[in-house]
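Geometric and topological summary
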Amino acid sequence: MTADGDDDRDAPPEYAGKLGTYRALDGSRGASLYLDLDGPHAALLVGKRGYGKSYTIGVIAESLARSSGVAPVVVDPMDVFHELAAPADGETVPADVVAEPSVAPSALDPRSWCSLLGLSPESGAGSLIWRATAAASTLAGMRDEIESADAPAVDARAASNHLDLAASWGVFDADGLDAADLGGPEVTVVDVSGLDAAPMNAICRGVAEALYRARVTGSIDRLPWILLDEAHAFFDGVAEPALRTILTRGRAPGVSLVAATQRPSAVPDVGIAQSDVLVAHRLTAGPDLDALERAQPTYLSGSLEERLPAAPGEVVVIDDATETVHAAKIRRRDTPHGGDSPRARDAEAAREARRR
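What this report covers is the structure whose coordinates are included nearby. (Residues numbered from 1 in each chain as written. Predicted model: local features only at pLDDT ≥ 70, side-chain atom pairs only at ≥ 80, totals over all residues. Heavy atoms only, no water.)

Counting secondary structure elements, the protein contains 13 helices and twelve strands. Its C-alpha radius of gyration of 22 Å places the protein within 12% of the 21 Å reference for a compact globule of 356 residues. On the principal axes, the C-alpha backbone points of the protein span a range of 75 × 60 × 40 Å. The buried share of the protein, reckoned over its 356 residues, is 51%. Across the protein, every contact between residues at least 6 apart in sequence was considered, and the portion connecting residues at least 24 apart equals 71%. Per element, the accessible surface of the protein, about 16000 Å² overall, is 47% carbon and sulfur. Taken together, the 33 basic and 54 acidic charged side chains of the protein have centroids lying 6 Å from each other. (Helix = DSSP H or I, 4+ residues; strand = E, 2+ residues; numbered from the N terminus. Rg over C-alpha atoms; globule rule 2.2 N^0.38 Å. Buried < 20%, exposed > 50% of the residue type's maximum accessible area, 1.4 Å probe, protein only. Contact = heavy atoms within 4.5 Å. Areas by Shrake-Rupley, 256 points an atom, 1.4 Å probe, with all protein chains shown as cover. Lys, Arg positive; Asp, Glu negative; His and termini not counted. Charge placed at Lys NZ, Arg CZ, Asp CG, Glu CD.)

Here you go:
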């Protein structure tokens, strides 16, 4: 985190995106607060529903899309980030929305395939899936491997049926999203909102592994930033190993992860402990507060719970790089926010407008 003057017209630091402004004890606005976009980060955004987590992800995505040298990707499980592609106030936000994403079947390793399909690797059907996914890179090739295996017919049928289930999700394609598709300068919104938990996790895992491998092998130059809303749904699925890899080993190849959740208690301890930036909106649930308290840094005086804000858009930012804690207010987005909850009054107004 870096600070600038308290005038919005001040030139921002290079390779930094404006997150908001510092908030004084009396609630008044202070200096501008910037998020460092130059190096890789593991950031955690927490807060209860309706207090601005998704909005804050949108703010960060806008800044990343306008920065150079980075490749921002938003995994959108709630269909709230398509508005990043809408006309913006001021500078354009380059954005591309992938409405029907798919990934290569080879994006998942054999263990993940078994987990995805709910099969034990030690079972007859599970062992067939393991061998087929290890030997082939397409669904058709996997079916051929199962059919040619010397295995009991009941196990082969079960394995084929489970593979047919995965095919019915429509998220596996040998020509699915790869690092070249995701590694551009614009923010890529991967819309997984219409998918169930298993295929949604498969897409997230494929995206995360593709970007991580591309940086390890040097096939893309830009530094990827993966922005993940409702992160607890992915840490609890087959995407978890890929996310854990980025959290623990992403700094060396330059891969960043920004994970947002209303349930920090559902995020593995590594997801909190490895975060060098914590942005906390309001939280009230006991287990979630306990999860943050367990990872509270030693340089934070007093209780983190006592510092949490009460109003939407207000945050506490813990920056582990500088070992500092700040109260701040998130800036206004330049693109529309697609995450507001629908209201009955709005539905009635729309109905009346159609009648007229």
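Next comes the rest of the write-up.
With that settled, consider the packing of aromatic side chains. Applying the stated rule across the entire model yields one aromatic pair. Ring centres 4.7 Å apart and planes at 35° place the aromatic pair W113 and F172 in the tilted group. Of this pair, W113 sits in helix 2 (residues 110-116) while F172 sits in the loop between helix 5 (153-168) and helix 6 (179-182), and the two are 59 residues apart along the sequence. For F172, a relative accessible area of 11% puts it in the buried group. Its end group placed over the ring of Y55, R333 keeps NZ or CZ at 6.0 Å from the ring centre. (Phe/Tyr/Trp six-rings, centres within 6.5 Å; stacked < 30°, edge-to-face > 60°. Lys NZ or Arg CZ within 6 Å of the ring centre and 35° of its normal.)

Tracing the backbone through its elements, the reader meets T56 in helix 1 (residues 53-65). According to the relative accessible area criterion, T56 is buried, its value standing at 0%. Ignoring sequence-local partners within four residues, the contact set of T56 consists of L19, L45, H281 and I330.

Here we take up helix 7 (residues 197-217). Taking 1.5 Å of rise per residue, the 21 residues of helix 7 would be expected to cover 30 Å, and the 30 Å separating its terminal C-alpha atoms lies within 8% of that figure. When you tally the buried positions in helix 7, you get 16 out of 21 residues, the bulk of the element. Backbone geometry just after helix 7 places G218 at a positive phi near 75°. (Expected span 1.5 Å × (residues − 1).)

Once that is clear, we can look at unusual backbone geometry. At D79, a residue that is not glycine, the phi angle is positive and equals roughly 55°. Take D79: it is sitting in the loop between strand 5 (70-76) and strand 6 (95-98). D79 gets classed as partly exposed once you look at its relative accessible area, which sits at 34%. Phi is positive for E230, which is not a glycine, with a value near 50°. By secondary structure assignment, the location of E230 is in the loop between strand 8 (223-228) and helix 8 (232-235).

Time to look at the pairing of strand 2 (residues 16-23). Of all eight residues in strand 2, eight are buried, a share of seventy percent or more. Across three bridges, strand 2 lies against strand 12 (residues 324-330) in antiparallel orientation. Bridge pairing links T21 to K329 in strand 12. (Pairing = 2+ DSSP bridges.)

Before going further, it helps to spend a moment on the packing of helix 4 (residues 139-148) against helix 5. To characterise two packed helices, one gives the angle between the axes of the helices and the distance between these axes. In contact at an axis separation of 10 Å, helix 4 and helix 5 are set at 175° when each is read in the N-to-C sense. Here helix 5 runs roughly antiparallel to helix 4, going by the angle between their axes. Note on element contacts: helix 5 touches helix 4 through A156, A159, S160, L163, D164 and A167, opposite L139, M142, R143 and I146. The residue inventory of the contact of helix 4 with helix 5, partitioned by class, reads seven nonpolar, one polar and two charged. (Axes fitted to C-alpha atoms, helices over the stretch in contact; angles between N-to-C directions. Parallel < 35°, antiparallel > 145°, perpendicular 65-115°, else oblique. Nonpolar A, V, L, I, M, F, W, Y, C, P; charged D, E, K, R; others polar.)

Mapped onto the elements of the fold, L223 is located in strand 8. Taking the C-alpha atoms as reference points, L223 and S63, separated by 160 residues in sequence, lie 14 Å from one another. Look past the residues within four positions of L223 in its chain and what remains in contact with it is D38, G69, V70, A71, R215, P253 and G254.

What follows covers the pairing of strand 11 (residues 314-319). Taking burial as the measure, the six residues of strand 11 include six buried ones, the bulk of the element. Here strand 10 (residues 277-280) runs beside strand 11; their pairing, made up of four bridges, is antiparallel. Residue pairing for strand 11: V277 is matched across the bridge by D319. Here six bridges tie strand 11 to strand 12, and the two strands are oriented antiparallel to one another. For V317, the partnering residue across the bridge sits in strand 12 and is H326. Turn length for the strand 11-strand 12 hairpin, with the two strands adjacent in sequence and antiparallel, is four residues, and the turn residue E323 shows positive phi of about 55°.

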